[in-house]
Amino acid sequence: MQGAAIAETAERLARAARDAEAVGRLDAPARERLGEVLSELGKLSKGGRYFRMYPGTGKLSRHAYAKHLEHFRAGAWARERAVMGGNRTGKTEMAAYEMTAHLTGLYPDWWEGRRFDRPVQAWAVGKTNETTRDIVQEKLFGPVRKDSRGQNRLSGEGMVPAERIAHQSAKFRSGFNALLNEVDVLWRDSRTERSLLTLKSYEQGRGSFEGTAKHVIWLDEEPPDDVYGECVIRTGTVDGIVYLTFTPLEGLTDVVLNFLPDELRPPDPDARPGW
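Since we're looking at a predicted model, the values are computed, not measured. (Residues numbered from 1 in each chain as written. Predicted model: local features only at pLDDT ≥ 70, side-chain atom pairs only at ≥ 80, totals over all residues. Heavy atoms only, no water.)

K.L.:
I'm lost on the overall build of the protein in this one. Help?
P.N.:
Along the backbone of the protein there are nine helices and nine strands. Burial status across the protein gives 46% buried among its 275 residues. Looking at the protein alone, contacts between residues at least 24 apart form 60% of all its contacts between residues at least 6 apart. (Helix = DSSP H or I, 4+ residues; strand = E, 2+ residues; numbered from the N terminus. Buried < 20%, exposed > 50% of the residue type's maximum accessible area, 1.4 Å probe, protein only. Contact = heavy atoms within 4.5 Å.)

K.L.:
Got a minute to help me understand the layout of surface pockets in this structure?
P.N.:
To find the voids left in a structure, one rolls a probe of water-molecule size over its atoms. Approximately 410 Å³ is the volume found for the second largest pocket. In terms of lining residues, the second largest pocket is bounded by 15 residues, among which K67, E70, H71, A82 and V83 are the most central. The set of elements that each furnish at least two residues to the lining of the second largest pocket consists of α5 (66-74), β1 (80-84) and α6 (91-104). When the residues that make up the lining of the second largest pocket are grouped by side-chain class, the tally is seven nonpolar, three polar and five charged. (1 Å grid on protein atoms, 1.4 Å probe; cavity = no way out; pocket = protein on both sides within 12 Å on 5 of 7 lines; lining within 4 Å. Points joined across faces, edges and corners; volume = space filled by probe spheres on them. Nonpolar A, V, L, I, M, F, W, Y, C, P; charged D, E, K, R; others polar.)

K.L.:
Help me understand the packing of aromatic side chains, please; the structure alone is not making it clear to me.
P.N.:
The relative placement of two aromatic rings is captured by the distance of their centres and the angle of their planes. Summed over all chains, the structure comprises 16 aromatic pairs. Ring plane angle 90° and centroid distance 6.2 Å describe the contact between Y54 and Y65, whose orientation is recorded as edge-to-face. With a gap of 11 residues between them, Y54 in the loop between α4 (49-52) and α5 and Y65 in the loop between α4 and α5 connect regions that are remote in the sequence. The class for Y54 is buried, based on a relative accessible area of 5%. Its relative accessible area of 31% is what places Y65 among the partly exposed residues. (Phe/Tyr/Trp six-rings, centres within 6.5 Å; stacked < 30°, edge-to-face > 60°.)

K.L.:
Explain the sheet that holds strand β9 (residues 241-246) to me, please; I cannot follow it from the model alone.
P.N.:
Pairing is mixed across the open sheet formed by seven strands, whose spatial order is β1-β9-β8-β2-β7-β6-β5. Whereas interior strands pair on both sides, the edge strands pair on one side only; in this sheet they are β1 and β5 (165-172). Between one strand and the next, the sheet's axes are offset by a mean angle of 15°, whatever the strand orientation. Sheet topology note: the strand β2 (residues 121-126)/strand β7 (residues 194-201) ladder contains six bridges and is parallel. Paired with G126 across the bridge in β7 is S201. (Pairing = 2+ DSSP bridges. Axes fitted to C-alpha atoms, helices over the stretch in contact; angles between N-to-C directions.)

K.L.:
Can you walk me through the environment of V160 in this structure?
P.N.:
Mapping V160 onto the fold places it in the loop between β4 (152-154) and β5. Along the sequence, V160 and L140 sit 20 residues apart, while their C-alpha atoms lie 5.5 Å from each other.

In structure tokens:
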């Protein structure tokens with residue numbers, strides 16, 4: 001059942017469920033189905049944005065987002081991708097959606113992009129510690145709140161479904177307010193298999209991007225060239241993917257030129273005529 005249809009049906013049934021007498025008149029199979037649909041409604045609540053994104057019909061139908069779908073599809077064959085566009089054009093939302101798909105393995109039926117068949121090791125990276133926390137982290141997990149013991153806890157109001165977050169695994173960076181370092185995300189319907197997401201920032205420098213292999217790396221805002229190079233290396237041995245979302249405010253940098261087709265590249269001033 002499509003997310004929008006589930007939401008509509010579940011909202012009607014939720015209203016009926018408040019009427020104990022009406023529920024009492026349902027037979028056992030109907031009550032069982034009611035429970036199933038209300039469970040789906042929970043997924044579509046404040047912590048279930050992933051299931052509401054890119055519906056098949058309506059004003060926000062995925063068919064109205066041709067560039068988003070093109071970007072997703074390209075992941076099936078391109079190890080490196082970039083979305084360069086203006087501010088407030090949905091780049092970060094789109095990127096958080098793809099990261100959630102890879103972390104959870106809950107690919108929608110219409111997905112034509114890269115699919116991993118096992119839990120992934122992933123990085124999500126922002127420009128500074130502050131933007132990593134306030135943009136990347138919040139898009140994925142929602143705001144951080146204090147629990148009854150005064151400890152930081154992810155609210156689960158972002159793109160990653162709340163029930164997929166292994167909250168006890170969340171580690172926050174010491175010395176920096178509410179900045180997540182890493183967290184496990186439950187894979188598909190398993191309670192034991194988990195993907196691992198680590199949040200990083202360009203402020204940490206190239207050296208912090210050395211080391212282990214990664215299946216998925218999302219770079220939000222344009223990275224320094226040396227950081228980008230390290231990220232490509234990290235995905236090489238596992239046939240992973242790197243995708244970027246940014247507004248090219250720095251002009252024709254090496255990172256930007258890496259994604260421009262030949263016809264849009266400026267002429268090489270050092271090239272000799274006729275060569």
